[in-house]
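What the coordinates show
So the chains spell out like this:
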Amino acid sequence: MILTVTPNPSLDRTYEVPRLDRGEVVRADGERVDPGGKGVNVSRAVTAAGRRTVAVLPLGGAPGALVADLLDAQGIEVASVPIAGATRSNIALAEADGVLTKINAPGPELSAAERELLLETVRRQSRGADWIACGGSLPRGLAPSWYADLVVRAHAAGVRIALDTSGPALLQALREGPDVVKPNAEELAEAVGRPLATVGDAVKAAEELRELGARSVLASLGADGQLLVDDAGTWYGSARVDAVRSNVGAGDSSLAGFLVAGGAGPGALASAVAHGAAAVQLPGSVMPTPADLHPAAVTVTAQVPVDRALTEPTS
């Protein structure tokens, strides 16, 4: 069972538009409403893969109630933490050429009692879990050290933990040795304090995150594939993608694919790449099912193309 923790979940509205013209009336070609947040998306992808998951998340107000209803409709078990504030609502605008514009609300502020109840709910639900997957931004009221505390508690309970966050929250959590961290290229660059121009730069940055405490690093490089760096070595994975429709939740789908395949080694990386490639070809934040996966289109190798320039180098 994979337990997910999303401290700042959302109700996500995605509009598909031909082109985004600032200051003009833009008519959408399609609209979706989905439960959102990194952990929520991992749970959705795990469920789509036919595996059991429990999603822990604070929920409040009408948006929170709708998030719970949407997850229930997808067969996902929710361990909700009632809060006084309303769950945030986010908007994503997906253009026909694959460009995505996101507007993310800050979310509610959690009280001291709500913060404690959230941790207690994670502790209670983690019994029997194979993995805890947590990530995303922290709501107001949670200190940057919150994820670090969660890593300590997970390891004390004998549960492996995968973390997908950035900034000070990531750096503080690294000191406690999370089993997996899953940054994208921008988050890698931010963590090491310098831009990344090549796949080799990303490998070096991932190695530095391991030096800071991460046991393994699963790095998403967008159109340039994914990296896995751990004790056993470094692998590079890529897949053919015919057309990008939306990359909302693609990284979360990748993490789910990695975890359901065991969470270690080149086989798990291949699963992560297949899930991510399938996700970007689906609308909104739809998570891929096994029927959407194309393992034959995935290549995983220990011969990392270190000189390959990143399609979108970080600044």
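Everything below is about the structure shown above.
A few points on the structure. What you see as residue numbers is a count from 1 along each chain, following the sequence as written. Owing to the predicted nature of the model, reporting of local features is limited to residues with pLDDT of at least 70; listing and counting of side-chain atom pairs is limited to 80 or more, with chain, interface and lining totals taken over all residues. Hydrogens and water are ignored here; the side-chain numbers use all heavy atoms of the structure.

**Some thoughts on the pattern of salt bridges**
Here, a salt bridge means any Lys or Arg side-chain nitrogen found within 4 Å of an Asp or Glu carboxyl oxygen. Following the criterion strictly, the structure yields 14 salt bridges and no others. When the shortest N-O distance is used, the salt bridge between Arg52 and Glu77 registers 3.2 Å. Placement of the pair is Arg52 in the loop between α1 (38-48) and β4 (53-59) and Glu77 in strand β5 (residues 77-82), with a sequence separation of 25 residues. Beyond isolated ion pairs, a larger network of salt bridges with shared partners links Arg32, Asp34 and Arg44. Strands here are runs of E lasting at least two residues and helices are runs of H or I lasting at least four, both read from the DSSP assignment and numbered beginning at the N terminus.

**Quick look at the packing of aromatic side chains**
Pairing of aromatic side chains here covers Phe, Tyr and the six-membered ring of Trp, requires ring centres within 6.5 Å, and sorts the geometry by plane angle: under 30 degrees stacked, over 60 edge-to-face, intermediate tilted. The tally for this structure, following the rule as stated, stands at one aromatic pair. Measuring from centroid to centroid gives 5.6 Å for Trp146 and Tyr147, while their planes differ by 70 degrees, and the two rings are edge-to-face. Accessibility assignment for this pair places Trp146 and Tyr147 in one class, buried. A 1.4 Å probe rolled over the protein chains alone gives each residue an accessible area, and that area as a share of the maximum for its type sets the label: buried under 20%, exposed over 50%, partly exposed in between.

**Details of the side chain of Glu114**
Within the secondary structure layout, Glu114 lies in helix α3 (residues 112-125). Although Glu114 is buried, it makes no salt bridge; Arg115 carries the closest opposite charge, 7.3 Å away. In terms of polar contacts, Glu114 uses its side chain to reach the backbone amide nitrogen of Ala84, at 2.8 Å. We define a polar contact as two N or O atoms separated by no more than 3.5 Å, with the added condition that, inside protein, one atom must be a possible hydrogen donor and the other a possible acceptor, whereas residues neighbouring each other in sequence contribute only through side-chain atom pairs. Looking at Glu114, its side chain comes within polar contact range of the main-chain nitrogen of Ser111, at 2.8 Å. Not counting chain neighbours up to four residues away, the residues in contact with Glu114 comprise Val81, Pro82, Ile83, Ala84 and Glu109. When charges are counted, Lys and Arg contribute as positive and Asp and Glu as negative, whereas His and the chain ends are disregarded. Here, residues are in contact when the closest pair of their heavy atoms is within 4.5 Å.

**Considerations on the nonpolar core**
Think of a nonpolar core as a cluster: buried Ala, Val, Leu, Ile, Met, Phe, Trp, Tyr and Cys residues, connected wherever their side-chain atoms sit within 4.5 Å. Counting 51 residues, the largest nonpolar core has Leu150 and Leu227 as the members making the most contacts within it. Beyond its immediate sequence surroundings of up to four residues, Leu227 is in contact with Val199, Ala202, Val203, Val217, Leu218, Ala219, Leu221, Trp235, Tyr236, Leu269 and Val304. Counting residues in hydrophobic clusters, the runner-up holds 23 residues, among them Ile2, Val46, Leu218 and Val298.

**Focus: the sheet that holds strand β6 (residues 88-95)**
DSSP bridges decide pairing: two strands pair if at least two such bridges lie between them. Pairing is mixed in the open sheet, where four strands are placed in the order β3-β2-β6-β7. The strands lining the two open edges of the sheet, one partner per strand, are β3 (30-36) and β7 (100-103). Taking each pair of neighbouring strands and ignoring which way they run, the sheet shows an average axis angle of 20 degrees. By the bridge criterion, eight bridges tie strand β2 (residues 10-17) to β6 in an arrangement that is parallel. By the bridge assignment for β6, Asp12 is matched with Asn90. Angles here are taken between N-to-C directions and fall from 0 to 180 degrees, while the axes themselves are lines fitted to C-alpha atoms, restricted in helices to the stretch in contact.

**Observations concerning the packing of α3 against helix α4 (residues 146-156)**
Closest axis-to-axis distance for the α3/α4 pair is 11 Å, and the angle between their directions is 30 degrees. By the angle between their axes, α3 is roughly parallel relative to α4. Of the two possible hands of crossing, α3 and α4 adopt the one that is right-handed. Residues Leu118, Leu119 and Val122 of α3 form the contact with α4, whose own contacting residues are Trp146, Asp149, Leu150 and Arg153. By definition in this entry, angles of less than 35 degrees are roughly parallel, angles greater than 145 are roughly antiparallel, angles of 65 to 115 are roughly perpendicular, and the rest are oblique. What makes a crossing left-handed is the near helix being turned counterclockwise from the far one by less than a right angle; a clockwise turn instead makes it right-handed.

**Considerations on the pairing of strand β11 (residues 217-220)**
In β11, alternate side chains face the same way, and those of Val217 and Ala219 on one face and Leu218 and Ser220 on the other are all buried. Pairing analysis gives four bridges linking β11 to strand β12 (residues 226-230), with the strands arranged antiparallel. The residue of β12 that forms the bridge with Ser220 is Gln226. As consecutive antiparallel partners, β11 and β12 are separated by five residues, and within that stretch Gly222 has a phi angle of approximately 65 degrees, a positive value.

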